[in-house]
Amino acid sequence: MKRTVEEHASRFDDHAAEYDESQDSEEYKACAGLVIELADPDPDDVVLDIGTGTGAIALALAPRAKRVIGRDISGGMLGKAREKAAAEGLDDRVEFGEGRFREPGYEGAVDVVTSNFAMHHLSDEEKREAIRVIADLGPRRFVLGDVMFFGEPDPDEPFYSPEVDDPATVATLVEAFTEAGFAVTHARRVHDQVGVLVGERLE
């Protein structure tokens, strides 16, 4: 991780108010749409959304699942997510609180785990550890949308800022999923540096 958790939290606190408006690229929208589509929760499912930010994925999935748990390191982002949940009348279907990939802060049953544009702040080894922690929660499906390299890293592209980001190659992520007991059933490229992976639990 190129910055501490506290530094990342402070940075997102500062941008919480305008975060939704800033995420307007076609690639970001396409990635989020794929995460929502491929998560595909059943009506009785509990979904854990890690790095939930202002709750875009969590709130989109809340009407389709039994309950959605959103976790993030930024109090400012979580506050915005709660405001949106209240405005959309989803307070009874979604719950937001502090948590991170390697310490989700939730110990209940989980059927589906989602994350969008968050894990790339971790180093490759931290990503492996995070995926192992997620696997230990026992979900049947993990859907990861993120900055990831399908080709050579290019800092001139809009999704990769080397000073704060540490994306992995797709191969590294697939290996980490496999080691944690997931079979990768989808690897969708949105951009050379943005994609969605789906891991299904191996029985």
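For the structure itself, consult the block above.
Every residue gets a number counted from 1 within its own chain, in the order that chain's sequence is written. With the structure being a predicted model, the display of local features is reserved for residues of pLDDT at least 70 and the display and counting of side-chain atom pairs for 80 or more, all residues being used for whole-chain, interface and lining totals. Excluding hydrogens and water, the side-chain values take into account all heavy atoms of the structure.

Look at helix 5 (residues 75-87): 18 Å from first C-alpha to last across 13 residues, which is about the 18 Å you get at 1.5 Å a residue. Relative accessibility decides the category of a residue: with a 1.4 Å probe and only protein chains considered, values under 20% of the type maximum give buried, values over 50% give exposed, and everything between is partly exposed. Counting from the N terminus, the helices are the DSSP runs of H or I reaching at least four residues and the strands are the DSSP runs of E reaching at least two. Within helix 5, the full set of buried residues consists of Met 77, Leu 78, Ala 81, Lys 84 and Ala 85. Taken end-on, helix 5 shows its buried residues confined to a sector of 120°, consistent with a single buried face. Opposite its buried face, helix 5 presents the exposed residues Glu 83 and Ala 87, each directed more than 90 degrees away. One less than the residue count of a helix, multiplied by 1.5 Å, gives the span that helix is expected to have. The directions from the helix axis to the C-beta atoms form the arc being described.

This next bit is on the nonpolar core. For the purposes of this section, nonpolar cores are sets of buried Ala, Val, Leu, Ile, Met, Phe, Trp, Tyr and Cys residues that join through side-chain atoms within 4.5 Å. If you look at the biggest cluster of nonpolar residues, it comprises 29 residues, and the most contacted ones within it are Leu 61, Val 68, Val 94, Phe 96, Val 143 and Val 196. Those elements that provide at least two residues to this core are helix 3 (26-39), helix 4 (56-61), helix 5, strand 3 (94-98), strand 5 (141-149) and strand 8 (194-201). A total of eight residues in this core trace back to one element, the largest contributor, which is helix 3. In this structure, Val 94 is in contact with Ala 58, Leu 59, Ala 62, Arg 67, Val 68 and Ala 85, ignoring residues within four places of it in sequence. Val 110, Ile 131, Phe 142 and Leu 197 belong to the second-largest nonpolar core, a separate cluster that totals 25 residues. Residue contacts are counted whenever heavy atoms from the two residues lie within 4.5 Å of one another.

For Thr 114, the position within the fold is in strand 4 (residues 112-116). Among the residues examined, Thr 114 registers a relative accessible area of 0% and is labelled buried. Think of a polar contact as two N or O atoms within 3.5 Å of one another; within protein, one of them needs to be a possible hydrogen donor and the other a possible acceptor, and neighboring residues in sequence only count if both atoms come from side chains. Within the structure, Thr 114 has its side chain in polar contact with the side chain of Asp 49 (distance 2.8 Å). Dropping the residues within four chain positions of it, Thr 114 is found in contact with Val 35, Ala 39, Val 47, Leu 48, Asp 49, Ile 50, Ile 57, Leu 61 and Val 143.

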